[in-house]
Structures are given as C-alpha cells and as structure tokens.
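Observations on the model geometry
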2 protein chains.
Amino acid sequence: MRDFSRDHRWLSINTATVRAQWKLDGIIDECARRGIRAISPWRDQVAAVGLERIAAQVKSTGMELSGYCRGGMFPASTPEGRRLALDDNRRAVDEAKTLDAACLVLVVGGLPGALQGRAEHKDIAAARSDVQDGIAATLDYARKVGMPLAIEPLHPMYAGDRACVNTMEQALDLCDLLDPQRSGALGVAVDVYHVWWDPKLEEQIRRAGRERLLAFHVCDWLLPTRDLLNDRGMMGDGVIDIPRIRGWVEQAGFAGYSEVEIFSSENWWKRDGGEVLDTCIERHRSAV
Amino acid sequence: MRDFSRDHRWLSINTATVRAQWKLDGIIDECARRGIRAISPWRDQVAAVGLERIAAQVKSTGMELSGYCRGGMFPASTPEGRRLALDDNRRAVDEAKTLDAACLVLVVGGLPGALQGRAEHKDIAAARSDVQDGIAATLDYARKVGMPLAIEPLHPMYAGDRACVNTMEQALDLCDLLDPQRSGALGVAVDVYHVWWDPKLEEQIRRAGRERLLAFHVCDWLLPTRDLLNDRGMMGDGVIDIPRIRGWVEQAGFAGYSEVEIFSSENWWKRDGGEVLDTCIERHRSAV
C-alpha cells in the first residue's frame, strides 16, 4: 500500500469540494499553487468558464484529470427522453476527451422525473433496464473515442432520485454484461461514502480488479448525518475506515489518484477555499 | 396475493406511528375501536404504562402482536458492554413472551457508542462479529422460551449508528449460519423502507421463504427525504412499489400482518391520532 503520509502526489480534488468558493479557473490555479497534481471537474463548472479555456489551462498547468463529472441520468419515461440522455452523454464523452480525463464518471440516474421533483413511475426495475441500455449505447461511442466509463454505485439512499445502481456487485454485474472481455473501457468509481457500509465490499473490490477500478473517491460519513446530500465529512471526521478500504483497492491493483469529493453546505462550502484545500492535503496524508 | 382493498383485517399498527399522540394504553383502545386487530409496540411505550397492565389490556381486547420492538444493539467495545446487551435482550425476549408477540424484532446495532454520540471505533467488521455472537447467544435463550427472533436489516444509511446488518442477503446469511435447520426460531423482518432499493430483493425474499419471513413492515420513501430518521412517508406518498414487494413476500409464503411503521416528526406525529389511524386504514386498502 502506498505511503500517503509524506506528500500529496496522489491527491486529486473533485472540484465540487470548493465550488462555492471559486470558479473552475480559480480552483485550478489554487490547486496548482499547492502542488496538487490532479482534479476532477464537473461539467457545469467547465461550462461556466468555457471548455476551450479550461482545456488550455489544464494543459498549461500540467494538471491531470482523475475523472470528469459526470455522465449518466439515463432513465426516462419516453423514447425521446432516453434519446436526449444519450445525446447528452455523447457530449460528456467528448468533453472528457477534450480535457484528457482518465474516465467519465457515470451517475446513472434514478426514477425518471424524481430529481426534478416528481417521479413519473415507481418501477425501479424499469429504471435499471434504461440504465443498462444507456450505458451500452454510450459505451459503443466511448470505445470509439477512447474514453473509459466509470459506473459509480451511489449510496442506496439515492436510489430513487440519483442512481439506481447502488452496490459494487450490481455495478460489476453490469460491467461483466457489457464488457465481458474486461477491456478497460468500462469499470467502476469506488467512492467510500457510497459503499463503506457494504458487507460484500472487500470481495467485490477484489472481483473488480485492476481493469475495472477506474477511480477512488474519499470523504467521510458523519454521525449524525444531517442532510442526505450535502453533509459529507472531511476524511477523519467520520466513521469510515478509509485506509482499510484503500488497502483493498490497492491490493486489487489500483494505483491512481485518491480523489476528495465533499459536498458540505453547512461546513466546508462556508470556509475559506485555501483552508479547505490545505485541510484536504493534511487529511490526505493523515487519514487516507 | 391477498386482496387488501376490502377490509383491514391484515393491518397492524407499529405503535411508534402514533407515539406522539397517545400512551400505549390509549393507542390500543383507539386501534381496537377501529377494528385494527394487531399492533407492534415498543419497549419504552410498554414500560411507560407497565408490562402487566399492557398484557392484561392486550388480552382483554383480543389484540394480537405482529412483533415486539425491539431487541438488538449488540456491539460494544468491552466484554462488560456485550454482557449488558445480552442481559437486556433476554429481558426483551421475556417481555415479548409475556405479551405473546409473534416475534422479537432485532435492530442489531452499529458501531459501539455511535448512537450515544461518539463511535468508539470504526471497525464495522468487528461490530458485525459482535452482532453474530449476540444473536447466537440470544437465540439460545429465545429457543427455550419459544420466541422467534426477527433480524431487521436496516437501510445502509443506518449502518454506522443503528444496525450494521443492511441487506436481506446479509441477514439471511446470519440465519443460515445460526439456524441452518430453518426451525422458525430465527428469521427476518422485511421493512420496505429499508430494502426497497436492493437489486437482489426479489431473489432474497424467495430465498427467505415461509420459515424465515417473520414480519412485513410498510411505509414509504419520500422524495426528497428531509431527515434520515424521522421523515418516513405514508404508504402511497412516496416511490416504493409496495404491492409488488408484498406480492413477492406472499409468493414466498408469508401470510401475516402488514405492519405500518412511520416515524415522522414533521408530518404524522403532528396530526390528530385518529386521523393518522384512519389514514393508515385507508392506505392499507388502497396502496399496500
């Protein structure tokens, strides 16, 4: 297992972590200034500055992209809705390629309409079927372009509105179905926040192996958790045994960045951005 | 599948649903008056009135107990702590027997100390080991007394502080380990709120079968969910396809009560208790 205690060369910052403090160009500069070598930006943050400008800045600073957030949101209750989702995913693949991201992260979506305030049906099996079809179609395109897709199983508390792929086992079953050759074109993003509770986690990380482990995300589960979406904790402040999980992931062959992704409306989004990044660096060394 | 649309003879009320409105003796009277044939009371509600008084009232009204809430909370960081938990579980078994409950529901516990505000360690595997030992010891006693134990897998969002058994598969693995003969002494409580998201739910309900399906609980998953503990919805107000899950449970051999268990600080606990019970009856017929 790599020693993270001496430096932060394997730290990546998911730019949602400081989205309240700076625009993306500012985030990149602040990261570069601190010797942070990688980020994972969100599409809306890229769009707010401009894809070409960000691509140029990424190149000039030598910043790497541990991932690009995000594709997915496949389920829809009409063929037109499903087609629009595929179009949008192709654009996300293209953007990821322009930015030379390591992978496009897929948050696959839940019940159609749920995130917009009203679920159009309650058939989660149908949503899962849409997801399978959507990944299959997007994978066809992503293979041609050469952009790996990372399915991110989300915590089951998001099954209704954000992602109906909720365990590593389920995500890997999809990978086996759509990429049985383990080509590297399809895999998973392991976010400790979403999967730490899973009694089959160690076994499924082993099953994933190097070819399927495309990203590793960290933050912490706070007790009590006060909000389902925006109360993620800084590494070390919660109850996830992060080093243990990182050990499993590395044992299985993963050797990439450890990406900090914290949504925190009451705490970290209210602080000075420099303080947040400095804390990420310190906790990467002491708690990951 | 039984037709619930014409009457509410298979409705049970978990008495937490109206805990803000009445003490338990009042709840029993209000249920009996409405032709509700079963309840599932909590230990603190029984204690507040007195076990003997409640036992007499249950008998005189002919009320059945679809379950008794609750045993469990096994993990501790010291041998003394684990022993105290076992003592408490034996008392819970005795109370359940006095009240002639169908089963004692086990909410197994999470990381030691977490529910009291400070987790004593982060080793969820150790907590799960405590749970296995605790159920094994409690089962020895419960078998002698003749009180079935129902492991309730809780939603993964409670893994840290309330229950580190979080899927049907995990609960049934424990059952197979501790009661391989499928004697009926150990099984599961299926609460749709906790398990609806699980891609393996149908398969695991089938696996459980009649001998292991000891209780069936209903409420609904609201979108958005505003509180991790106290924002459960009334059946029909959320996104769970309850009839589909009930169909699986009945297909597997379950023919007992459908128990309504709603924790709701901002909605149902603020309403008139009679209105809540009448709504439970109506939704039992229309949405379960």
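Read on for a plain summary of the structure.

This next bit is on the packing of aromatic side chains. Per the stated rule, a full pass over the model turns up 13 aromatic pairs over all chains. Ring centres 6.0 Å apart and planes at 70° place the aromatic pair Trp42(A) and Phe263(A) in the edge-to-face group. With Trp42(A) in the loop between β2 (38–40) and α2 (43–49) and Phe263(A) in the loop between β9 (258–260) and α10 (273–287), the pair connects residues that are 221 residues apart, well separated along the chain. By the ring-pair criterion, three or more aromatic residues cluster together here, those being Trp42(A), Phe263(A) and Trp269(A). Seen from the ring of Trp10(B), Arg2(B) lies directly overhead, with NZ or CZ sitting 4.9 Å from the centre.

Glancing now at the interface of chain A and chain B. Counting from both sides, the interface comprises 35 residues of chain A and, opposite them, 35 residues of chain B. Both faces considered, chain A and chain B share a buried interface measuring about 2,600 Å² in area, 65% of it formed by carbon and sulfur atoms. The largest per-residue losses of area from chain A upon contact with chain B belong to Lys122(A), Trp197(A) and Leu228(A), which jointly make up 23% of the total buried on that side. Inspection of the region where chain A meets chain B yields four salt bridges. With a closest N to O distance of 3.2 Å, Glu169(A) and Lys200(B) form a salt bridge. At the junction of chain A with chain B, the criterion picks out six residue pairs in polar contact (both at pLDDT 80 or more). Of all the secondary structure elements, the ones that give two or more residues to the side of chain A that touches chain B are α5 (124–145) and α6 (168–178) of chain A.

With that settled, the discussion passes to the sheet that holds β2(A). Residues and elements named next belong to chain A. Pairing within the open sheet is parallel, and its nine strands lie in the order β3-β2-β1-β9-β8-β7-β6-β5-β4. If you trace the sheet from one side to the other, it starts and ends with β3 (64–65) and β4 (68–72), each paired once. Looking at chain direction, β2 and β3 are connected through two bridges and run parallel. Residue Ala 38 lies in a different strand from β3, and its bridge partner there is Glu 64. Sitting on the sheet, helix α4 (residues 79–98) is in contact with β4, β5 (104–107) and β6 (149–151), with an inclination near 160° to β4.

Let's shift gears to helix α1 (residues 24–33) of chain B. Residues and elements named next belong to chain B. Taken together, the buried positions of α1 are occupied by Leu 24, Ile 27, Ile 28, Glu 30 and Cys 31. Around the axis of α1, the buried residues are gathered within 165° of arc, so they sit on the same side. Looking at the buried positions of α1, the neighbouring elements they touch are β1 (11–14), β2 (38–40), α2 (43–49), α3 (51–61) and α10 (273–287). At the exit of α1 stands Gly 35, carrying a positive phi of roughly 75°.

Turning our attention to the packing of helix α1 (residues 24–33) of chain A against helix α3 (residues 51–61) of chain A. Residues and elements named next belong to chain A. Their axes nearest at 10 Å, the elements α1 and α3 cross at an angle of 5°. Between α1 and α3, the angle is such that the two are roughly parallel. Residues Leu 24, Asp 25, Ile 28, Asp 29 and Ala 32 of α1 form the contact with α3, whose participating residues are Arg 53, Ile 54, Gln 57, Val 58 and Thr 61. Broken down by class, the residue content of the contact of α1 with α3 amounts to five nonpolar, two polar and three charged.

Turning chain A through 180° and shifting it by 0.0 Å along the axis lays it on chain B, with an RMSD of 0.0 Å. Those values place the two copies in the arrangement expected of a two-fold rotation axis. Mapped onto chain B, 100% of the interface residues of chain A again fall at the interface, so both copies present the same surface.

Structurally, Met235(A) is set in the loop between β8 (213–218) and α9 (242–251). Contacts of Met235(A), omitting those with residues within four sequence positions, involve Val218(A), Cys219(A), Asp220(A), Ile242(A), Val260(A), Ile262(A), Cys280(A), Arg283(A), His284(A), Ala287(A) and Val288(A).

What follows concerns the sheet that holds strand β8 (residues 213–218) of chain B. Residues and elements named next belong to chain B. Across the sheet, which stays open at both edges, the nine strands sit in the order β3-β2-β1-β9-β8-β7-β6-β5-β4 with parallel pairing between neighbours. Two strands close off the open sheet at either side, each with one partner strand: β3 (64–65) and β4 (68–72). Bridging between strand β7 (residues 186–191) and β8 involves four bridges; their strand directions are parallel. Within β8, the position partnered with Ala 189 by the bridge is Ala 215. In the packing of helix α6 (residues 168–178) onto the sheet, contacts are made with β6 (149–151) and β7, and the angle to β7 comes to roughly 165°.

Our next topic: the pattern of salt bridges. Residues and elements named next belong to chain A. Enumeration according to the criterion identifies 62 salt bridges over all chains in this entry. Two residues, Asp 179 and Arg 143, come together in a salt bridge whose shortest N-O distance is 3.2 Å. Separated by 36 residues along the polypeptide, Asp 179 in the loop between α6 and β7 (186–191) and Arg 143 in helix α5 bring together distant segments of the chain. Exposure remark for Asp 179: the relative accessible area of 0% places this residue in the buried category. Exposure remark for Arg 143: the relative accessible area of 32% places this residue in the partly exposed category. Notably, a salt bridge pairs Lys 270 with Glu 266, separated by 3.0 Å at the nearest N-O pair.

This brings us to the nonpolar core. If you look at the biggest cluster of nonpolar residues, it comprises 176 residues, and the most contacted ones within it are Ile135(A), Ile151(A), Val108(B), Ile135(B) and Ile151(B). Those residues within four positions of Ile151(B) in sequence are excluded, and the remaining contacts are Leu106(B), Val108(B), Ile135(B), Val165(B), Ala171(B), Leu174(B), Cys175(B), Leu186(B), Gly187(B), Val188(B) and Ala189(B).

A few words now on α4(A). Residue and element names in this part refer to chain A. Taking 1.5 Å of rise per residue, the 20 residues of α4 would be expected to cover 28 Å, and the 29 Å separating its terminal C-alpha atoms lies within 8% of that figure. On the buried face of α4, the contacting elements are α2, α3, β4, β5, α5 and β6. Asp 100 sits one or two residues past α4 and shows a positive phi near 60°.

Parameters and conventions
Each chain carries its own residue numbering, running from 1 in the direction its sequence is written. The naming scheme follows written order: chains are lettered A onward, ligands numbered 1 onward. Confidence filtering applies because this is a predicted model: local features only for residues at pLDDT of at least 70, side-chain atom pairs given and counted only at 80 or more, and all residues used for totals across whole chains, interfaces and linings. Neither water nor hydrogens contribute to the side-chain values; these are computed over all heavy atoms in the structure. Any pair of Phe, Tyr and Trp rings, taking the six-membered ring for Trp, is counted once the centres come within 6.5 Å. Such a pair is stacked with planes under 30 degrees apart, edge-to-face with planes over 60 apart, and tilted for the rest. Working definition: helices are DSSP H or I runs of at least four residues, strands are E runs of at least two. Numbering for both runs from the N terminus. A positively charged side chain is recorded as over a ring if its NZ (Lys) or CZ (Arg) lies within 6 Å of the ring centre. The angle to the ring normal must also be within 35 degrees. Contact criterion: two residues are considered in contact whenever any of their non-hydrogen atoms come within 4.5 Å of each other. Throughout, buried area stands for the accessible area (probe radius 1.4 Å) lost by two parts on being put together, summed over both. Throughout this description, the term salt bridge denotes a Lys or Arg side-chain nitrogen within 4 Å of a carboxyl oxygen of Asp or Glu. Counted as a polar contact is a pair of N or O atoms within 3.5 Å, where, for protein atoms, one must be capable of donating a hydrogen and the other of accepting one, and residues adjacent in sequence contribute only when both atoms are in side chains. Paired strands are those between which DSSP finds at least two bridges. Note on geometry: axes are C-alpha line fits, over the in-contact stretch for helices, and angles between N-to-C directions span 0 to 180 degrees. Here's how the labels work: a residue is buried when its accessible area is under 20% of the maximum for its type, exposed when over 50%, partly exposed in between, all with a 1.4 Å probe on protein chains only. It is the directions from the helix axis to the C-beta atoms that the arc portrays. Orientation is classified from the angle alone, with under 35 degrees giving roughly parallel, over 145 giving roughly antiparallel, 65 to 115 giving roughly perpendicular, and any other angle giving oblique. For this classification, the nonpolar set comprises Ala, Val, Leu, Ile, Met, Phe, Trp, Tyr, Cys and Pro, the charged set comprises Asp, Glu, Lys and Arg, and every other residue, Gly included, is treated as polar. When the copies are overlaid, the least-squares fit takes in C-alpha atoms only where the residue has pLDDT of at least 70 in both copies. To qualify as a nonpolar core, a set must consist of buried Ala, Val, Leu, Ile, Met, Phe, Trp, Tyr and Cys residues joined through side-chain atoms within 4.5 Å. Each residue after the first adds 1.5 Å to the expected span of a helix.

Interpretation note: all reported values are geometric properties and have no functional meaning in isolation.
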